[in-house]
Amino acid sequence: MTKQRQKRIIVSVTSDLVSDNRVHKVCTSLYNMGFSVLLVGRKKRDSLPLQSRKYKTRRFKLLFEKGPFFYACFNLRLFCFLLFSKNDVLLANDLDTLPANFLASKIKGKSLVYDSHEYFTEVPELINRPQVQKTWKQLEQKMVPKIKHAYTVCDSIAKVYSEKYGTAFKVVRNVPFAGSVSANLPKKHNEKTVLYQGAVNVGRGLKQAILAMQKIEGVKLIIAGDGDIKPELEKLVKEKKLENKIQFTGRLSLEELSKITPEADLGLSIEEDLGLNYRFALPNKLFDYIQALVPILVTNLPEMAAIVKQYEIGKITPSLEPKVLAEKIKEVLLDEDARRTWKKNLTIAAKDLTWEKEEKVLQDIFKNFL
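None of these values were measured; they are calculated from a predicted model.

Asker: Explain the packing of helix H2 (residues 67-83) against helix H3 (residues 98-108) here, please?
Answerer: When two helices pack together, their arrangement is captured by the angle between the axes and the distance separating the axes. It is at 8 Å that the axes of H2 and H3 come closest, and there the two elements cross at 25 degrees. By the criterion of interaxial angle, the relationship of H2 to H3 is roughly parallel. Note on packing geometry: the crossing formed by H2 with H3 is right-handed. Here Asn75, Leu78, Phe79, Leu82 and Leu83 of H2 come into contact with H3, specifically with Leu98, Pro99, Ala100, Asn101, Leu103, Ala104, Ile107 and Lys108. Taken together, the residues of the contact of H2 with H3 break down into 10 nonpolar, two polar and one charged.

This is how it looks when you write it as structure tokens:
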């Protein structure tokens, strides 16, 4: 009896693959389902080496690293690669990889699946650039209504896309693997720590968090990540003479991040309401905090607030005004009775919100291609 050939799926994303946790989890699930998986991204000048993974990876080196020339270059390179590669299924992550995947799938007659990590056309970087936003919206309008298989990160975005384009979007939340973060590790220091992990970009509430630290004693804020406004925030820290209260770790690998998260006393997910993308945000850091049994402070945005209310695992701040934010941070850190309750509830939430449960939706989508 001849051995059946593995179905090959090419997954593409514009990141450099180092810390893209959602894509890594999806690729791992697809590999475990029996697919031959190749993940394609890009390699920047400062990209860290990739850790060993079950599936294959490839990173393109490009002349441009940002702006319209980067997106054009990446999609042209990706289109040529997909066109001349053996593949059975294409998985496009976000709108910025969809043009190449869409064209290649049409020309080769291959199945296409679309994973929308966010409400792409409503990100703050596009809201203030109407002409660029218009271009992405036009691309979205031409392609998304013709896609048969799609999923996204939360109910709110799925509802918007389904109503707007008539494409049924399923929901695969960005929750971690069970046990991916070691909870209840002994702390290496006595100082209370507040952790923000993720992109250091506009609209993440980081400037307000830094200013709030002026009003809090005996607490350190750790900002674990990198992004466009990091230099601006580092300058602000120096101006306010907060170097002893605030630590920038820079970009960390998934493995490094999993070691520092459990040591935090509070996890921040305080996105600002800058358009629909942030309003509907349900970031993976929220679930990483939960898996590490770290109480959470979030802004009063629907998806994040719903998780905190459902499981009773922290507080919701009504404002990001630094004085109000400082008071909320102190409440979460100092209310020992509440913290004991949150810790119990976090144990329940951590068992419930796992990739092992969430990936069943993914399996339902991709089993049709095996």
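There's plenty left to go through after this.
Asker: Sorry if this is basic, but what is going on with the sheet that holds strand S9 (residues 219-224) here?
Answerer: Sheets are built from strands paired through backbone hydrogen bonds, the pairs being either parallel or antiparallel. The parallel open sheet is built from six strands, whose spatial order is S10-S9-S8-S11-S12-S13. Only two strands of the sheet have a single neighbouring strand rather than two, namely strand S10 (246-248) and strand S13 (314-317). On average, adjacent strands in this sheet sit at an angle of 20 degrees to one another, irrespective of strand direction. Pairing between strand S11 (residues 266-269) and strand S12 (residues 296-299): three bridges, direction parallel. Considered in S12, the bridge of glycine 267 is made with isoleucine 296. Together, S11, S12 and S13 form the strand contacts of helix H12 (residues 302-311), whose direction differs from that of S12 by roughly 145 degrees.

Asker: Is there a simple way to explain the sheet that holds strand S6 (residues 149-152) in this structure?
Answerer: Pairing in this open sheet of seven strands is parallel, and the strands run S3-S2-S1-S4-S5-S6-S7 from one edge to the other. Two strands lie at the open edges of the sheet, namely strand S3 (56-60) and strand S7 (169-171), each paired on one side alone. Across the sheet, the mean angle separating the axes of adjacent strands is 20 degrees when strand polarity is ignored. In this sheet, S6 lies alongside strand S5 (residues 111-116) in parallel orientation, the contact comprising four bridges. The partner of valine 113 across the bridge, within S6, is histidine 149. Along the sheet, H3 makes contact with strand S1 (8-12), strand S4 (89-93) and S5, crossing S4 at roughly 160 degrees.

Asker: Sorry if this is basic, but what is going on with the nonpolar core here?
Answerer: Across soluble globular proteins, you tend to see nonpolar side chains buried next to one another. Core analysis: the biggest nonpolar cluster contains 89 residues, and Leu30, Ile290 and Phe366 have the highest contact counts within it. A per-element tally of this core places H2 first, with six residues. Residues within four places of isoleucine 290 in sequence aside, it is in contact with Ile296, Ile307, Ile313, Leu346, Ala349, Ala350 and Leu353. The next biggest cluster of nonpolar side chains, apart from the first, holds 31 residues, and it includes Tyr196, Val200, Ala212 and Leu297.

Asker: What exactly am I supposed to notice about the packing of aromatic side chains here?
Answerer: The geometry of an aromatic ring pair is captured by two quantities: the separation of the ring centres and the angle between the planes. Tallied over the full model, the rule gives 13 aromatic pairs. Relative to phenylalanine 81, the ring of phenylalanine 60 lies with its centre 5.6 Å away and its plane at 70 degrees, an arrangement referred to as edge-to-face. Here the residue phenylalanine 60 occupies a position in strand S3, and phenylalanine 81 occupies one in helix H2, the gap between them amounting to 21 residues. Each member of the pair, phenylalanine 60 as well as phenylalanine 81, is classed as buried. Note on phenylalanine 70 and phenylalanine 74: the rings are 5.9 Å apart at their centroids and 40 degrees apart in plane angle, and the pair reads as tilted. Taken together, the residues span about one helical turn, with phenylalanine 70 and phenylalanine 74 both in helix H2 at a distance of four residues. The pair phenylalanine 70 / phenylalanine 74 is uniform in exposure class, with both members buried.

Asker: Honestly, the pattern of salt bridges in this entry has me stumped. Any pointers?
Answerer: Where side chains of opposite charge bring their charged atoms close, a pairing between them can arise. Within the structure shown, the criterion is met by 15 salt bridges. Between glutamate 65 and arginine 45 there is a salt bridge whose closest N-O contact spans 3.3 Å. Residue glutamate 65 is located in the loop between S3 and H2, and its partner arginine 45 is located in the loop between strand S2 (36-42) and S3; the two are separated by 20 residues in the primary sequence. In this structure glutamate 65 comes out as partly exposed when scored by relative accessible area, which is 26%. Exposure remark for arginine 45: the relative accessible area of 70% places this residue in the exposed category. When salt bridges that share partners are traced, they join Lys315, Lys328 and Glu331 into one network.

Asker: Honestly, helix H11 (residues 284-291) in this entry has me stumped. Any pointers?
Answerer: Of all eight residues in H11, seven are buried; the element is thus mostly enclosed. Those residues of H11 not exposed but buried are Lys285, Leu286, Phe287, Asp288, Tyr289, Ile290 and Gln291. Next to the buried residues of H11 lie helix H1 (21-33), strand S8 (192-197), S11, S12, H12 and helix H14 (336-352). Taken from the residues just after H11, leucine 293 is the one with a positive phi, measuring 60 degrees.

Quick notes on the rules
- Residues numbered from 1 in each chain as written.
- Predicted model: local features only at pLDDT ≥ 70, side-chain atom pairs only at ≥ 80, totals over all residues.
- Heavy atoms only, no water.
- Axes fitted to C-alpha atoms, helices over the stretch in contact; angles between N-to-C directions.
- Helix = DSSP H or I, 4+ residues; strand = E, 2+ residues; numbered from the N terminus.
- Parallel < 35°, antiparallel > 145°, perpendicular 65-115°, else oblique.
- Left-handed = near helix turned anticlockwise from the far one by under 90°.
- Contact = heavy atoms within 4.5 Å.
- Nonpolar A, V, L, I, M, F, W, Y, C, P; charged D, E, K, R; others polar.
- Pairing = 2+ DSSP bridges.
- Core = buried A, V, L, I, M, F, W, Y, C linked by side-chain atoms within 4.5 Å.
- Buried < 20%, exposed > 50% of the residue type's maximum accessible area, 1.4 Å probe, protein only.
- Phe/Tyr/Trp six-rings, centres within 6.5 Å; stacked < 30°, edge-to-face > 60°.
- Salt bridge = Lys/Arg side-chain N within 4 Å of Asp/Glu carboxyl O.

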